[in-house]
Amino acid sequence: MLQVLLLTFSVVTIAHAELCKPDAQNAFKVRLSIKTALGDNAYAWDANEEYLFKAMVAFTMRRYSSKTTTQISNVLLCNVTDRVSFWFVVTDSTKNTTTVPGSEVEAAIRMNRNRINNAFLLSDKTLQFLKIPSTLAPPVEPSTPVWLIVFGVVLCLIVAGIVFLVVAGIQQRKKKNKESTEREDLEEKGEVTITIENGIPCETLDLKAGHINGVFSADDERFTSL
């Protein structure tokens, strides 16, 4: 009986060794940078951490496929290095000699990536599944819609243009009114401009008020008296 158990165990071990090896079908490589992420608070990677990793992978498979048959024993690790990198596969719980398709494992890991990272106090950059792309954070949407921002900018430009035109029109109108007022003042005052012609000063005739010649004025008075 003992020999049968030992033989069975040996066969299972050999089968698992064939299933979990670098670049095997449905196998994934994991690399952890614990020292880089945590510095002096870094923890050692040991059998307990490996058990936690297997438990998290089993959890993700259960949550993804809604199957309660995936056990920690179905997660196999191999080629573990001191710099904390290893390969793993997930075996089918109904057929322990076959592995779960890599597409299902990848989908499960991507869906629960944050839970796995939090369990080891790491991030996508310090806990890398080399064949599984990092989960991108959802784009941050501005609190104000973009179209509303653009509309506000265009409206401000239009208002600024209208204000500029109004102010420019008012200033131009004031300037014209000022020039017109000055011209009227000059005409009302009847200011005489003296020009020099042939060395003789001559007064410019005020067309509006006219100019009285003294010679003819004297003659008019003489004839009037007769």
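What comes next concerns the included structure.

**Focus: unusual backbone geometry**
A negative phi angle characterises most non-glycine residues, just as the trans form characterises most peptide bonds.
Then step 1. Positive phi is not limited to glycine here, since asparagine 26 has a value of about 65°.
Then step 2. A positive phi angle, near 60°, is found at valine 84, a position not held by glycine.
Then step 3. Mapping valine 84 onto the fold places it in the loop between strand 2 (75-78) and strand 3 (85-90).

**Concerning the sheet that holds strand 2**
One key point about sheets: their strands pair by backbone hydrogen bonds, in either a parallel or an antiparallel sense.
Then step 1. Read from one edge of the open sheet, four strands run 2-3-1-4, paired in antiparallel fashion. Single-partner strands in this sheet number two, and they are strand 2 and strand 4 (127-129). Adjacent strand axes in the sheet meet at a mean angle of 25° when their direction is disregarded.
Then step 2. Pairing of strand 1 (residues 28-32) with strand 3 involves four bridges; the strand directions are antiparallel. For valine 30, the partnering residue across the bridge sits in strand 3 and is phenylalanine 86.
Then step 3. Its contacts with the sheet place helix 3 (residues 47-65) against strand 1, strand 2, strand 3 and strand 4, and it is angled at close to 140° to strand 2.
Then step 4. Running at roughly 30° to strand 1, helix 4 (residues 102-111) makes contact with strand 1, strand 3 and strand 4 of the sheet.

**Quick word on the state of the cysteines**
By definition, a disulfide links the sulfur atoms of two cysteine residues through a covalent bond.
Then step 1. A full pass over the atoms with the stated rule returns one disulfide.
Then step 2. Disulfide partner of cysteine 20: cysteine 78, at an S-S distance of 2.3 Å. With the S-S dihedral at roughly -85°, the linkage between cysteine 20 and cysteine 78 falls on the left-handed side. With cysteine 20 in the loop between helix 1 (2-19) and strand 1 and cysteine 78 in strand 2, this residue pair connects regions lying 58 residues apart in the sequence. Comparing cysteine 20 with cysteine 78 shows no difference in burial state: the two are buried.

**Overview of the packing of aromatic side chains**
Two descriptors summarise a pair of aromatic rings, namely the distance from one centre to the other and the angle between the planes of the rings.
Then step 1. Evaluation of the coordinates by the stated rule reveals eight aromatic pairs.
Then step 2. A ring pair is formed by tryptophan 45 and phenylalanine 86, whose centres lie 5.7 Å apart and whose planes are at 15°; its orientation type is stacked. Note that tryptophan 45 is positioned in the loop between helix 2 (34-38) and helix 3 and phenylalanine 86 in strand 3, a separation of 41 residues in sequence.
Then step 3. For tryptophan 45, a relative accessible area of 16% gives the class buried.
Then step 4. Looking at phenylalanine 86, the relative accessible area reads 0%, which means it is buried.
Then step 5. Arranged with centres 6.2 Å apart and planes meeting at 80°, the rings of phenylalanine 88 and phenylalanine 129 form a pair that is edge-to-face. Of this pair, phenylalanine 88 sits in strand 3 while phenylalanine 129 sits in strand 4; the two residues are 41 residues apart in sequence, bridging distant segments of the chain.

**Examining the side chain of threonine 126**
Then step 1. Relative to the elements of secondary structure, threonine 126 occurs in the loop between helix 5 (113-119) and strand 4.
Then step 2. One polar contact links the side chain of threonine 126 to the main-chain amide nitrogen of serine 123, over a distance of 2.9 Å.
Then step 3. Sequence-distant contacts of threonine 126, defined by excluding residues within four places in its chain, comprise Arg31, Leu32, Ser33 and Ala37.

**Quick look at the nonpolar core**
Then step 1. Judged by nonpolar contacts, the single largest core of 26 residues is most densely connected at Leu32, Phe53, Phe88 and Phe129.
Then step 2. Those elements that place two or more of their residues in this core are strand 1, helix 3, strand 2, strand 3, helix 4 and strand 4.
Then step 3. It is helix 3 that contributes the most residues to this core, five residues altogether.
Then step 4. When residues no more than four places from it in sequence are discounted, the contact partners of phenylalanine 129 are Lys29, Val30, Phe53, Phe88, Ile109, Arg113 and Ile116.
Then step 5. One finds Ala24, Ala27, Leu76 and Trp87 within the second-largest nonpolar core, a separate group that totals seven residues.

Reading guide: rules and limits
- Residues numbered from 1 in each chain as written.
- Predicted model: local features only at pLDDT ≥ 70, side-chain atom pairs only at ≥ 80, totals over all residues.
- Heavy atoms only, no water.
- Helix = DSSP H or I, 4+ residues; strand = E, 2+ residues; numbered from the N terminus.
- Pairing = 2+ DSSP bridges.
- Axes fitted to C-alpha atoms, helices over the stretch in contact; angles between N-to-C directions.
- Contact = heavy atoms within 4.5 Å.
- Disulfide = S-S within 2.5 Å.
- Buried < 20%, exposed > 50% of the residue type's maximum accessible area, 1.4 Å probe, protein only.
- Phe/Tyr/Trp six-rings, centres within 6.5 Å; stacked < 30°, edge-to-face > 60°.
- Polar contact = N/O pair within 3.5 Å; in protein donor to acceptor, adjacent residues only side chain to side chain.
- Core = buried A, V, L, I, M, F, W, Y, C linked by side-chain atoms within 4.5 Å.

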